[in-house]
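Working through the structure, step by step
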Amino acid sequence: MSARCFRSLGVDPTTGREAFVDARPGGVLDELADVHALKAAAVLVTVVGAVLEGGRSSDTELAAFVPALHAALEECVGIMAADRGR
């Protein structure tokens, strides 16, 4: 099993810098990072859904979402796998 490295807890609204933690699996910070990841994925789904419904985006514009969608999906799968292992 590969250990997850640093997890994002979001962006500090004061400084604009992203906060990362080295969370212990199953710990409080890990759970906070899970919540942040799931909220971020939900926002991404909403944005991409709206773009797709608009139907006016080029393939190049749509391709710009692929890295973000891949990262969100990878993190969500990691969360599900960790929950299954508990």
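One can find the structure itself at the top, above this paragraph.
Keep in mind it's a predicted model, so treat the numbers as computed, not measured. (Residues numbered from 1 in each chain as written. Predicted model: local features only at pLDDT ≥ 70, side-chain atom pairs only at ≥ 80, totals over all residues. Heavy atoms only, no water.)

1. Remarks on the pairing of strand 1 (residues 7–11)
Within a regular strand, side chains alternate between the sheet's two faces. Which entries qualify depends on this criterion: Two strands pair if DSSP finds at least two bridges between them. Numbered from the N terminus, helices here are DSSP runs of H or I no shorter than four residues, and strands are runs of E no shorter than two.
Note that strand 1 and strand 2 (residues 18–21) share four bridges and pair antiparallel. Each residue of the ladder has a partner; that of Val11, found in strand 2, is Glu18. Once strand 1 ends, the chain turns through six residues before running back antiparallel as strand 2, passing Gly16 with a positive phi of about 80°.

2. A look at the pattern of salt bridges
Under the convention used in this document: A pair is scored as a salt bridge if a Lys or Arg side-chain nitrogen falls within 4 Å of a carboxyl oxygen belonging to Asp or Glu. Only protein chains enter the accessibility calculation, which uses a 1.4 Å probe. A residue is then buried if its area is under 20% of the maximum for its type, exposed if over 50%, and partly exposed in between.
Under the defined criterion, the tally for this structure stands at three salt bridges. Residue Arg7 pairs with Asp34 through a salt bridge whose shortest N-O separation is 2.8 Å. One end of the pair, Arg7, is in strand 1; the other, Asp34, is in helix 1 (residues 28–54), with 27 residues separating them in the sequence. Of the two residues examined, Arg7 and Asp34, each falls in the buried class. Here Glu75 and Arg7 are joined by a salt bridge, their closest N and O atoms 3.0 Å apart. Separated by 68 residues along the polypeptide, Glu75 in helix 3 (residues 66–85) and Arg7 in strand 1 bring together distant segments of the chain. One salt-bridge network, in which partners are shared between bridges, spans Arg7, Asp30, Asp34 and Glu75.

3. Description of the environment of Ala82
Within the secondary structure, Ala82 is located in helix 3. In the structure, Ala82 is positioned 57 residues away from Pro25 in sequence and 7.8 Å away in space, judged by C-alpha atoms.

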